[in-house]
Each structure stands twice: as C-alpha cells, then as structure tokens.
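# Observations on the model geometry
Now for the letters of each chain:
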Amino acid sequence: MKLPVLNRALVLEAPISVPDGAGGQIVSWTALGTLWGELRPRSGRESTGEAGPLSTASYRITVRAAPAGQSNRPEPGQRMVLGPRRFRILAVTEADERARYLNCLAEEEVAV
C-alpha cells in the first residue's frame, strides 16, 4: 500500500438532537476533533433535491486509524468538515492489513 498524504485538516462532527421548543427535534452538529486526512475524488452525479438541482460527489477520505469506540474514530452518520465543505460519512473500512489507516467513503452535496 502506498502511504497516504495526510495534508487536510478535517473536523469530525457527530449529530445530536436538540429540542426545537415546539415538541420536535432539530439535528445539530458537535465537533469531536480534528483529523488529518487525504481526500480522493471518486465519482459525481447531478440530481434533483428538495430545493432544486443538486450536485453530489463521492470521495474516499483516508485518516489515521483509531480503536473502535474512540471518539476520534469516524463512523457512518457522522461528517467531516473542511472549511465550508461538508462530507457525509457513508462507510468506514480499514485501508491496510495492519489497520494503520481508515478509508471513509463520503459524499459531498452542493446546491447548483
């Protein structure tokens, strides 16, 4: 395996439900920490979202591995933030046989 170039500071965020004051819930995001990672584009497509055209791109984000259960180990349902960009984590797998790195399959959605 070629070693990844971990040159992007990504903020790992987890969703939390917050009461909206009217008996419902609002999803808010809380930062869990910063991970250094490598971003590699995979594919993209255009679709129609609730507010109109939507561009969706998939990425493989490689980060250093962390033991299962640690707060700095990415999980599906969380997201990574890079400036104004948001990457929704869909799946997480070990990137190498020694489990030194994790691959996060993620999607970025942008309104067109």
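That block above? That's the structure.
Within each chain, residues carry numbers counting from 1 in the order of the written sequence. Given that this is a predicted model, residues contribute local features only at a pLDDT of at least 70 and side-chain atom pairs are listed and counted only at 80 or more, while totals for whole chains, interfaces and linings are drawn from all residues. As a rule here, side-chain values cover all heavy atoms of the structure and leave hydrogens and water aside.

## A few points about the pattern of salt bridges
For clarity, the cut-off: Each reported salt bridge corresponds to a side-chain nitrogen of Lys or Arg within 4 Å of a carboxyl oxygen of Asp or Glu. Helix numbering and strand numbering both begin at the N terminus, where a helix is a DSSP run of H or I of at least 4 residues and a strand a DSSP run of E of at least 2.
Here the structure, examined in full by the defined rule, presents 7 salt bridges. For Glu107, the salt bridge is made with Arg45, and the minimal N-O distance between the two is 3.6 Å. Taken together, the residues Glu107 in strand E6 (residues 101–111) and Arg45 in strand E2 (residues 25–49) connect sequence positions 62 residues apart. Because the salt bridges share partners, they merge into one network encompassing Arg45, Arg88 and Glu107.

## With respect to the side chain of Asp96
Quick note on the threshold: With a 1.4 Å probe rolled over the protein chains alone, any residue whose accessible area is under 20% of its type maximum counts as buried; one over 50% counts as exposed, and the rest are partly exposed. The definition of a polar contact used here is a pair of N or O atoms within 3.5 Å, where within protein one atom must be able to donate a hydrogen and the other to accept one, and adjacent residues in sequence count solely through side-chain atom pairs. Every residue pair with non-hydrogen atoms within 4.5 Å of one another is taken to be in contact.
Here Asp96 shows up in the loop between strand E5 (85–94) and E6. Residue Asp96 is classed as buried on the basis of its relative accessible area of 6%. Of note is the side chain of Asp96, whose polar atom sits 3.3 Å from the backbone nitrogen of Tyr101. Apart from residues no more than four positions distant in its own chain, Asp96 is found in contact with Met1 and Tyr101.

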